[in-house]
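Spelled out, the chains give:
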Amino acid sequence: MRSTQPAVGEAEMSAKTQAKAVDVERPLRILMIAPTSFFSDYGGHIRILEEAYTLQGMGHEVAIVTYYKGSNMPDLDIRRTAPLPWRPEYEVGSSRHKIAFDVYLAWQSLVEGIRFKPDVIHGHMHEGALIGGVLARLLRRPLVFDFQGSLTAEMTDHNFLRKDGRLYRLAFGLEKLINKMPQAILTSSIKATRLLEEEFQLPTSRLIPLPDCANHRRFDPDKFTPEMKQNLRQKLGIPADRLIVAYLGLLTDYQGIPHLIEAAARLKQAGEKCHFLIMGYPNVARYQSLARQSGAADMITFTGKVMYQNAPAYLSLGDIAVAPKMSSSEGSGKLLNYMALGQPVVAYDSAVHREYLAESGVYASSGDVAAFTEAIAMLLHQPERRLVLGEQLRQRALQVYSWQKAGERIVSIYKQLTS
């Protein structure tokens, strides 16, 4: 059943939307709702951060309502919930406490909505879209939903739901309801757009593909001299005669970290001279133990959490970047940082990875550790191919995945919805 709400590109706007028209010449006031501990140095947080900075750079006002934990970033207006009174130190995760976090977030969003008087409400993730949808109706403002993947598909990928279970049907029904609330949905990939069209029967006019982009100024390979790289390599204790295979992101099984460790062990057995630089968190101790069990601990460095401002320098050490994520539903924004730095990328074959890397990626069948290892081994012995692929990917990042162009598209959508 298709929603009857107005959508971007429709000729007629509803009377409710027209009732509060916005002067397109003045800056817009955007209230973002982020149901997470913003800012943390991974995944969807980077998208929220870059969108906010880009919109501010274009002269618009952005306020971000989020959980009480997280890092405050320079020049961003971040408005936090109160801490949970019974567990103020609790780190948000997949548990019943997440419901309490979102109740607090809903209340804080209402308070900030009245204070800030936004022109547009921009909800990130499904919880943000649900809270934003209710608030948008109360304030009579349009809602834009930043869709980063199917809620039920991600919960299935992470083994929280079974597709044949009753809870899955309930979750799918809730997701379907949330997807109908916004007037426009920004999708992080073409695959996500097709999913919303085919599985949730949403009208194409409401869906706007807006993939993650690259901050090519921050992730600029020319910023890091050989001396700077050598000093950092020495600090990390990486032998000077080893090529570096780099990963930066969350350390979880569904991101493919066990496969990276197994690949390192296989390459060691084959006598390859390389070193794996695995950057990120959580579960560092667990994966260090797994590396010791595999016999590959001496050729893997786990840095732990790397602050976003330090990520370009650490990642610039890589000769080959890797993307072993196997999820078919989630985005993979880390690829843009690899691309911007001009690094060749070995990735598991998926629609999302191919959307970003196109013909310049090196692919292995999803979940096939042997093929993934072989792809890395081949690139280790092909220095010219590494340079060619890296340059192709950097040019693709510069030409196709620009935050400035993305910001212009977002503002255009805001103005259509508010005028």
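Residues numbered from 1 in each chain as written. Predicted model: local features only at pLDDT ≥ 70, side-chain atom pairs only at ≥ 80, totals over all residues. Heavy atoms only, no water.

In this structure, Ser109 sits in helix α3 (residues 97-116). With residues up to four places along the chain from it excluded, the contact list for Ser109 reads Leu31, Ile33, Val65, Ile131 and Leu135. (Helix = DSSP H or I, 4+ residues; strand = E, 2+ residues; numbered from the N terminus. Contact = heavy atoms within 4.5 Å.)

Right, let's get into helix α16 (residues 403-418). Compared with the 22 Å implied by 1.5 Å per residue over 16 residues, the 22 Å span of α16 between its first and last C-alpha is a close match. Its side-chain oxygen at 3.3 Å from the backbone nitrogen of Gln404, Ser402 defines the N-terminal cap of α16. (Expected span 1.5 Å × (residues − 1). Polar contact = N/O pair within 3.5 Å; in protein donor to acceptor, adjacent residues only side chain to side chain.)

Moving on to the environment of Lys268. Its place among the elements puts Lys268 in helix α9 (residues 257-269). Since its relative accessible area comes to 35%, Lys268 is described here as partly exposed. Taking C-alpha positions, Lys268 is 46 Å from Ile78, a pair spaced 190 residues apart along the chain. Here Lys268 is in contact with Gly295, Ala296, Asp298 and Met299, once residues within four sequence places are set aside. At 2.9 Å, the side chain of Lys268 and the side chain of Asp298 are in polar contact. (Buried < 20%, exposed > 50% of the residue type's maximum accessible area, 1.4 Å probe, protein only.)

What follows deals with helix α2 (residues 43-57). Along its 15 residues, α2 runs 22 Å from first to last C-alpha, staying within 8% of the 21 Å computed at 1.5 Å per residue. Within α2 the residues assigned to the buried category are His45, Ile46, Arg47, Ile48, Leu49, Glu50, Glu51, Ala52, Thr54 and Leu55. In the segment just after α2, Gly59 is the residue with positive phi, at about 100 degrees.

A surface patch of nonpolar side chains, about 440 Å² in accessible area, is lined by Leu130, Val134, Leu138, Leu174 and Leu177. Mapped by element, the contributors of at least two residues to the nonpolar patch are α4 (125-139) and α6 (166-179). In terms of residues, the nonpolar patch owes the most to one element, α4, which gives three residues. For Leu130, the position within the fold is in helix α4. Residue Leu130 is classed as partly exposed on the basis of its relative accessible area, which comes to 30%. (Patch = residues over 30% accessible without salt bridge, like charges linked within 9 Å, V, L, I, M, F, W, Y side chains within 5 Å. Areas by Shrake-Rupley, 256 points an atom, 1.4 Å probe, with all protein chains shown as cover. Salt bridge = Lys/Arg side-chain N within 4 Å of Asp/Glu carboxyl O.)

Moving on to the environment of Val103. Mapped onto the fold, Val103 is located in helix α3. Taking C-alpha positions, Val103 is 43 Å from Phe372, a pair spaced 269 residues apart along the chain.

This next bit is on the confidence of the model for the protein. Averaged over all residues, the pLDDT of the protein is 91; the fraction at 70 or higher stands at 90%. Taken together, the stretch residues 1-6 has pLDDT below 50 and engages in 17 contacts with residues farther than four places along the chain or on a different chain. Note that residues 10-24 has pLDDT below 50 and, in this model, 17 contacts with residues that lie over four places away or in other chains. (pLDDT = per-residue confidence, 0-100.)

Where burial is concerned, most of strand β8 (residues 243-248) is hidden: five out of the six residues are buried. Of the strand pairs in this sheet, β8 and strand β9 (residues 274-279) are connected by six bridges, and their pairing is parallel. Looking at β9, one finds that Tyr247 is bridged to Ile278. Following the chain from β8 across α9 to the adjacent parallel β9, one finds a crossover that is right-handed. Relative to strand β11 (residues 320-323), β8 runs parallel, the two sharing two bridges. Its bridge partner being in β11, Ala246 is matched across the sheet by Ala321. (Pairing = 2+ DSSP bridges. Right-handed = clockwise from strand over helix to strand, strands pointing away.)

Across all of its chains, the model carries 19 salt bridges by this definition. Between Glu51 and Arg47 there is a salt bridge, with its nearest N and O atoms 3.3 Å apart. Placement of both Glu51 and Arg47 in helix α2 is noted, with a separation of four residues, approximately one turn of the helix. Judged by its relative accessible area of 2%, Arg47 is buried. Here Lys268 ties to Asp298 by a salt bridge, and the two come within 2.9 Å at their closest N and O atoms.

All right, on to the side chain of Arg80 then. Here Arg80 shows up in strand β3 (residues 77-80). Although Arg80 is buried, it makes no salt bridge; Asp77 carries the closest opposite charge, 9.8 Å away. At a separation of 3.0 Å, a polar atom in the side chain of Arg80 contacts the main-chain carbonyl oxygen of Tyr67. Not counting residues up to four positions away in its chain, the partners in contact with Arg80 are Phe38, Phe39, Thr66, Tyr67, Tyr68, Lys69, Gly70, Ser71, Asn72 and Gln108. (Lys, Arg positive; Asp, Glu negative; His and termini not counted.)

With that settled, consider the sheet that holds strand β5 (residues 143-147). Spatially, β3-β2-β1-β4-β5-β6-β7 is the arrangement adopted by the seven strands of the open sheet, whose pairing is parallel. Looking along the sheet, the strands with just one partner apiece sit at the ends: β3 and β7 (207-209). Ignoring strand direction, the axes of neighbouring strands in this sheet form an average angle of 25 degrees. The strands touched by α16 within the sheet are β1 (29-34), β4 (120-124), β5, β6 (184-187) and β7, with β6 carrying the most contacts at an inclination of about 170 degrees. (Axes fitted to C-alpha atoms, helices over the stretch in contact; angles between N-to-C directions.)

The next thing to look at is the packing of aromatic side chains. Applying the stated rule across the entire model yields ten aromatic pairs. Ring plane angle 20 degrees and centroid distance 6.2 Å describe the contact between Tyr168 and Phe172, whose orientation is recorded as stacked. Separated by four residues within a single helix, Tyr168 and Phe172 lie in helix α6, roughly one turn from each other. The buried category is assigned to Tyr168, whose relative accessible area is 12%. Cluster of aromatic residues (ring-pair linked, three or more members): Phe38, Phe39, Phe219 and Tyr308. Lying over the aromatic face of Phe116, Arg29 brings its terminal NZ or CZ to 4.3 Å of the ring centre. In this arrangement the basic side chain of Arg354 is found over the ring face of Tyr363, its NZ or CZ atom lying 4.0 Å from the centre. (Phe/Tyr/Trp six-rings, centres within 6.5 Å; stacked < 30°, edge-to-face > 60°. Lys NZ or Arg CZ within 6 Å of the ring centre and 35° of its normal.)

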